[in-house]
Amino acid sequence: MKLTSFFIGCCFGSLLNVICYRSLRGEDYLFGRSRCDYCGKKLSFMETVPLLGWLILGGRCQGCGKAINIRYPLTELFTGIVTVILWTRGDGEVFLSWLFIMTMTLISLFDVETMEFSTELLFFLSLVGIMISFTNDVFLASRILGVVSLSVPLSLMKKLRELIGDGDIWIFAITGWTFGCEFLFRSVLVSCITGLLYSLITGKRKIPFCPFLTIGIMASLL
Ligand SMILES: [Zn+2]
């Protein structure tokens, strides 16, 4: 059961990668075949098997031998783990929480590629968040505090606005409403720590924040 959930989760990760990749390049979602970023070779069946294909082929394109972007298998690994954890939990709001994380993952992929947020996806995430808020027990005061506690001060502080995008602020507000103030603070703390570690390890100063926020929210759901 766990292995099946993991594999299904990896397939969803692969699907999110395809949606992001093809929509940014104006390609057909359904009928196009994925290609290597470098040599343009169409991927073989083995190469398209989520995670396993990447492992078996040693993370390299069979055509040109160049390394496949690590983001693809990492996304599949993440959605695989998320699916195992949430699907085997079995309470009512599980599917919606899972959908919330999957949407966050797709928003993160766009954030990594373009440093921009899709408004449609943010609306969809808000919709999922509102649906979750009908099913979970969070005090109204905590939800309201969750919406305003970070988004209002961050919107007002000009210096911080260079570091944090509008999309991140929107997600803070959605997460605050959906899961409450305490959950939001825990998630943001985890995302700041993981983001800082990533920044220190890679030496990159400007990093997309949404992937770390997704990790933070998932960690808080545990
Ligand atoms: Zn290639």
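Everything that follows concerns the structure shown earlier in this document.
Worth saying up front: this structure is predicted, and the values here are computed from it rather than measured. (Residues numbered from 1 in each chain as written. Predicted model: local features only at pLDDT ≥ 70, side-chain atom pairs only at ≥ 80, totals over all residues. Heavy atoms only, no water.)

A.B. asks: Account for the pattern of salt bridges, naming residues and giving values.
C.D. replies: Following the criterion strictly, the structure yields three salt bridges and no others. The salt bridge involving Arg 25 is made with Glu 113; its shortest N-O contact spans 3.7 Å. Taken together, the residues Arg 25 in helix α1 (residues 2-25) and Glu 113 in helix α5 (residues 94-114) connect sequence positions 88 residues apart. Between Glu 113 and Arg 71 there is a salt bridge, and its shortest N-O distance comes to 2.8 Å. Here Glu 113, found in helix α5, pairs with Arg 71, found in helix α4 (residues 71-87); they are 42 residues apart in sequence, far enough to count as distant. (Salt bridge = Lys/Arg side-chain N within 4 Å of Asp/Glu carboxyl O. Helix = DSSP H or I, 4+ residues; strand = E, 2+ residues; numbered from the N terminus.)

A.B. asks: Any chance you could break down the coordination of the zinc ion for me, citing the residues and the numbers?
C.D. replies: In this structure, Cys 36 (SG), Cys 39 (SG), Cys 61 (SG) and Cys 64 (SG) serve as the protein donors to the zinc ion, at separations of 2.3 Å. Classification of the site at the zinc ion rests on its four donor atoms, whose angles at the metal span 106 to 114°, yielding the label tetrahedral. When the donors of the zinc ion are listed by position in the chain, the intervening gaps give C-x2-C-x21-C-x2-C. On the criterion of sequence distance, the pair formed by Cys 36 in the loop between α1 and α2 (45-48) and Cys 64 in the loop between α3 (52-56) and α4 is long-range, its members being 28 residues apart. On the basis of relative accessibility, which here comes to 10%, the residue Cys 36 falls in the buried class. When its relative accessible area of 32% is taken as the criterion, Cys 64 is described as partly exposed. (Donors = N, O, S within 2.8 Å, 3.2 Å for Na, K, Ca; no water. Tetrahedral: all angles 85-135°; square planar, octahedral: opposite > 155°, others 65-115°. Buried < 20%, exposed > 50% of the residue type's maximum accessible area, 1.4 Å probe, protein only.)

A.B. asks: With reference to specific residues and values, describe the packing of helix α7 (residues 140-156) against helix α10 (residues 181-202).
C.D. replies: Between α7 and α10, the shortest axis-to-axis distance is 7 Å and the interhelical angle comes to 40°. With respect to α10, the element α7 is oriented oblique. For the pair α7 and α10, the contacting residues are Ser 142, Leu 145, Gly 146, Ser 149 and Leu 150 in the first and Cys 181, Glu 182, Leu 184, Phe 185 and Val 188 in the second. A per-class count over the contact of α7 with α10 returns six nonpolar, three polar and one charged. (Axes fitted to C-alpha atoms, helices over the stretch in contact; angles between N-to-C directions. Parallel < 35°, antiparallel > 145°, perpendicular 65-115°, else oblique. Contact = heavy atoms within 4.5 Å. Nonpolar A, V, L, I, M, F, W, Y, C, P; charged D, E, K, R; others polar.)

A.B. asks: Lay out the packing of α4 against helix α11 (residues 210-221) with the relevant residues and their values.
C.D. replies: Running from N to C, α4 and α11 cross one another at 20°; their axes reach a closest spacing of 12 Å. Taken together, α4 and α11 sit at an angle that is classed as roughly parallel. Viewed along their axes, α4 and α11 form a crossing whose handedness is left-handed. Between α4 and α11, the contacting residues are Phe 78, Val 82, Ile 85 and Leu 86 on the first element and Thr 214, Ile 215 and Met 218 on the second. For the contact of α4 with α11, the class distribution of residues is six nonpolar, one polar and no charged. (Left-handed = near helix turned anticlockwise from the far one by under 90°.)

Read these as geometric descriptors, not functional statements.
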